[in-house]
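# What the coordinates show
In case you want the letters, here they are:
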Amino acid sequence: RQAAFRTDLTALLDQVGTGKESLSFMKRRIRRLAAQWATAAQRLDLKLHRRWREQKKILVHVGFLTEESGDVFSPKVLKGGPLGEMVQWADILTTLYVLGHNLKISVSVKELQGFLGVPPGRGSCPLTGPLPFDLIYTDYHGLQQMKQHMGLSLKKHKCHIRVIDTFGTEPVYNHEEYATLHGYRTNWGYWNLNTRQYMTMFPHTPDNSFMGFVSEELNKTEKHKIQQNKVKNMAVVYGKEASMWKLQGKEKFLEILHRYMEVHGTVYYETQRPPEVPAFVKNHGLLPQQDLQQLLRKAKLFIGFGFPYEGPAPLEAIANGCIYLQPKFRPPHSSLNHEFFRGKPTSREVSSQHPYAEQYIGRPHVMTVDYNNSEEFETAVREIMRIKEFCASETPFPPVNVSVVWPRGMFMQVGESGQVSWAENSTAPPCWPPLSALRFRMSAEGQSCVDACRSSDLVCEPAFFRYINNKEALSKLQVQCDVVEFEMNHVFPAFSATARECGLQKEPLLFSCAGFANKYRRVCPCRDFRKGQVALCHDCL
Ligand code: UDP
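Residues numbered from 1 in each chain as written. Predicted model: local features only at pLDDT ≥ 70, side-chain atom pairs only at ≥ 80, totals over all residues. Heavy atoms only, no water.

### Description of the site of the ligand
Surrounding the ligand, one finds 16 residues, the nearest of these being Leu83, Tyr238, Lys240, Leu287 and Glu316. Within the side chain of Glu316, a nitrogen or oxygen atom sits 2.5 Å from an oxygen atom of the ligand. Taking 540 Å² as the accessible area of the ligand by itself, protein coverage stands at 94%. For the shell around the ligand, the secondary-structure elements that each account for two or more residues are α4 (84–98), α12 (289–298) and α13 (313–319). Residues that form the shell around the ligand fall into these classes: 10 nonpolar, 4 polar and 2 charged. (Near = heavy atom within 4 Å. Polar contact = N/O pair within 3.5 Å; in protein donor to acceptor, adjacent residues only side chain to side chain. Areas by Shrake-Rupley, 256 points an atom, 1.4 Å probe, with all protein chains shown as cover. Helix = DSSP H or I, 4+ residues; strand = E, 2+ residues; numbered from the N terminus. Nonpolar A, V, L, I, M, F, W, Y, C, P; charged D, E, K, R; others polar.)

### Describing the nonpolar core
Val60, Trp89, Leu103, Tyr137 and Phe302 are the most contacted members of the largest nonpolar core, which has 66 residues in total. Top contributing element to this core by residue count: α4, with 9 residues. Setting aside anything within four residues of it in sequence, one finds Val60 in contact with Trp89, Leu93, Leu96, Leu103, Lys104, Ile105, Ser106 and Tyr137. Core analysis: the next-biggest nonpolar cluster, separate from the first, contains 27 residues, Met244, Trp245, Val281 and Leu301 among them. (Core = buried A, V, L, I, M, F, W, Y, C linked by side-chain atoms within 4.5 Å. Buried < 20%, exposed > 50% of the residue type's maximum accessible area, 1.4 Å probe, protein only. Contact = heavy atoms within 4.5 Å.)

### Some thoughts on the sheet that holds strand β5 (residues 198–200)
Reading across from one edge, β2-β1-β3-β4-β5-β6 is the order of the 6 strands in this open sheet, with parallel pairing throughout. Of all the strands in the sheet, just β2 (102–106) and β6 (209–210) have a single pairing partner and so form its edges. Pairing geometry for strand β3 (residues 135–138) and strand β4 (residues 161–164), over 3 bridges, is parallel. Bridge pairing links Tyr137 to Arg162 in β4. Set on the sheet, helix α5 (residues 109–116) makes contact with β1 (57–61), β2 and β3; between it and β2 the angle comes to about 145°. (Pairing = 2+ DSSP bridges. Axes fitted to C-alpha atoms, helices over the stretch in contact; angles between N-to-C directions.)

### Looking at the pairing of strand β8 (residues 262–265)
Across a regular strand the side chains alternate sides, sitting on one face of the sheet and then on the other. Where strand β7 (residues 234–238) meets β8, 3 bridges bridge the pair, whose relative direction is parallel. Within β8, the position partnered with Met234 by the bridge is Glu262. Between the parallel elements β7 and β8, the chain passes through helix α11 (residues 250–260) in a crossover that is right-handed. Relative to strand β9 (residues 282–283), β8 runs parallel, the two sharing 2 bridges. (Right-handed = clockwise from strand over helix to strand, strands pointing away.)

### Some details on unusual backbone geometry
Look at the link from Arg330 to Pro331: it is a cis peptide, with omega at 0°. Counting through the fold element by element, Pro331 comes out in strand β11 (residues 323–333). A cis amide bond links Arg363 with the next residue in sequence, Pro364, at an omega value of 0°. Among the structural elements, Pro364 can be located in the loop between α14 (355–361) and β13 (366–369). Its identity is not glycine, yet Asp71 carries a phi of approximately 25°, on the positive side. In this fold, Asp71 is placed in the loop between β1 and α4. Not every positive phi belongs to a glycine, and Asn192 is a case in point at roughly 50°. Structurally, Asn192 can be placed in the loop between α9 (176–182) and β5. Overall, the relative accessible area of 19% leaves Asn192 in the buried class.

### A closer look at the side chain of Thr138
Note on placement: Thr138 falls in strand β3. Relative accessible area serves as the criterion here: at 0%, Thr138 is assigned to the buried category. Side-chain polar atoms of Thr138 contact the backbone oxygen of His61, separated by 2.8 Å. Residues in contact with Thr138, not counting those within four places in the same chain, are His61, Gly63, Trp89, Leu143, Met146, Ile161, Arg162, Val163 and Ile164.

### Points about the pairing of strand β19 (residues 521–527)
Counted residue by residue, β19 has 6 buried out of 7 residues, so it is predominantly covered. One ladder, built from 5 bridges, connects strand β14 (residues 438–442) with β19; its direction is antiparallel. Bridged to Leu438 within β19 is Arg527. Summarising the sheet, strand β15 (residues 459–460) and β19 pair through 2 bridges and their orientation is antiparallel. Residue pairing across strands places Cys460 opposite Cys526, the latter belonging to β19. Two strands pair when backbone bridges link them, and strand β17 (residues 494–496) and β19 are joined in this way by 2 bridges, in the antiparallel orientation. In the strand pairing of β19, Ala494 is matched with Arg522.

### A look at the packing of aromatic side chains
Tallied over the entire structure, the rule returns 26 aromatic pairs. Judged by centre distance (5.6 Å) and plane angle (90°), the ring pair of Phe167 and Phe341 falls under edge-to-face. Residue Phe167 is found in the loop between β4 and α8 (171–174), and its partner Phe341 is found in the loop between β11 and β12 (350–352); the two are separated by 174 residues along the sequence. Classification of Phe167 by relative accessible area gives buried; the value is 12%. Exposure remark for Phe341: the relative accessible area of 3% places this residue in the buried category. Taken together, the ring pairs in this structure connect Phe167, Phe307, Tyr309, Phe329, Phe340 and Phe341 into an aromatic cluster. Over the ring of Tyr97 we find Arg6, and its NZ or CZ is 4.5 Å from the ring centre. In this arrangement the basic side chain of Lys147 is found over the ring face of Trp191, its NZ or CZ atom lying 5.5 Å from the centre. (Phe/Tyr/Trp six-rings, centres within 6.5 Å; stacked < 30°, edge-to-face > 60°. Lys NZ or Arg CZ within 6 Å of the ring centre and 35° of its normal.)

Encoded structure:
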């Protein structure tokens, strides 16, 4: 069947269901952005010249919202709890629906069993017949539930699954045997999927896919209006829960900030002002998303205290013409040194509250400074005071990179993730991206391919690893090795200068852009990318 674009979201809203505050939040978001989705869909439809697209049967099983997983999120929706995940799921549902797919949504194990055709009350009875869906989008909780209820057959159907995984899963943690042998076992990893099946909130490592979410797209008139109405000395603090205001030394820099600006907050409170919020802060309480956008349209500065990590709010602020000021982390936070990341299947080092904003957007929209250094902090605030409102002709606003999260970007991410062909160990050559985009790079010792490619303004492309995992590639890079090993090692292909040893990768599931090890220089498959659309290379369309 052909998939036809849908612009009326009523049926989707009915499908999302009721009974949980999280579902109501998602529906409010879907409703609020409906017009924007419709416009984007019409544009894409025209661009594709009504090209034939297959309608896929897709199950979306939101594991973290099921009672069986404890659903700790729903009761906190109106109390300052995390909302980023719900933002993303709402946008995934809308994208799939607008693209015209045949969608089933489940937020309980019972619904999951119903959709998969597992008889009720026979939880451990495996699904033996064919999978009734082309694709299943779920999360780690959902994956666990499917394992319980689909039993052995999960292995058979694995390549149809996409896992929404905010912070990402690196290949070492994903490979069960390797993780167990080398101390990378966590609560989450070891599913032996193709790591491209994990879809993150931001493009953390190209080993995973990047799903993203949607931010508002403003037209010229709206931008103009926002520029006119900006209040030059107004700052909004990023942090909707009082505990986010507990950062050590906060009094000092808040006081500096207050010397220059009027400080606003959107901290949840029940009856009285939370003690963590200083008296000079004008606290609006937790705001509905729409009202927060209005506040951001007036503000000049959105300031982070270091938590939450990597949420959507800074991008919303930037899209509404704010400058985002955030703390640099020295040393970087990671699963080795910070409770929040402990047990997460990634060794990624988080260099600031929002590394995506730091690395992909940067100045003048994003300023990342050391908050422990009052002088550096004050200089940044002074600089912000001097920046004129972003004017379309000078610095584009929002900056072009934010477009990775506009609906057209999201359509693309989802479109690509929908290829069922990421079967584990698939040996067929990738038809995308074209091999002509491959650029070899050698990393420095102890450097990952993510960083090695980035330092040449390129991006690591895991699909190309299999083309560079051979002696010819090593000799092209003029690497002199006395011995060539062929084994399971997440940094291979690589070269050890001290031992004059080369290593080639034996296990395709361990090809890793993120991996690094002290004594190794890695052989990296990089490719170019389009500015603002990192998923695409120059010759990709
Ligand atoms: N948000 C909101 N009201 C507020 C503060 C935030 O609706 O007073 C929304 C915001 O628009 C964003 C979402 O909460 O889309 C998640 O924001 P955040 O970046 O704080 O990430 P989280 O930690 O919730 O995942």
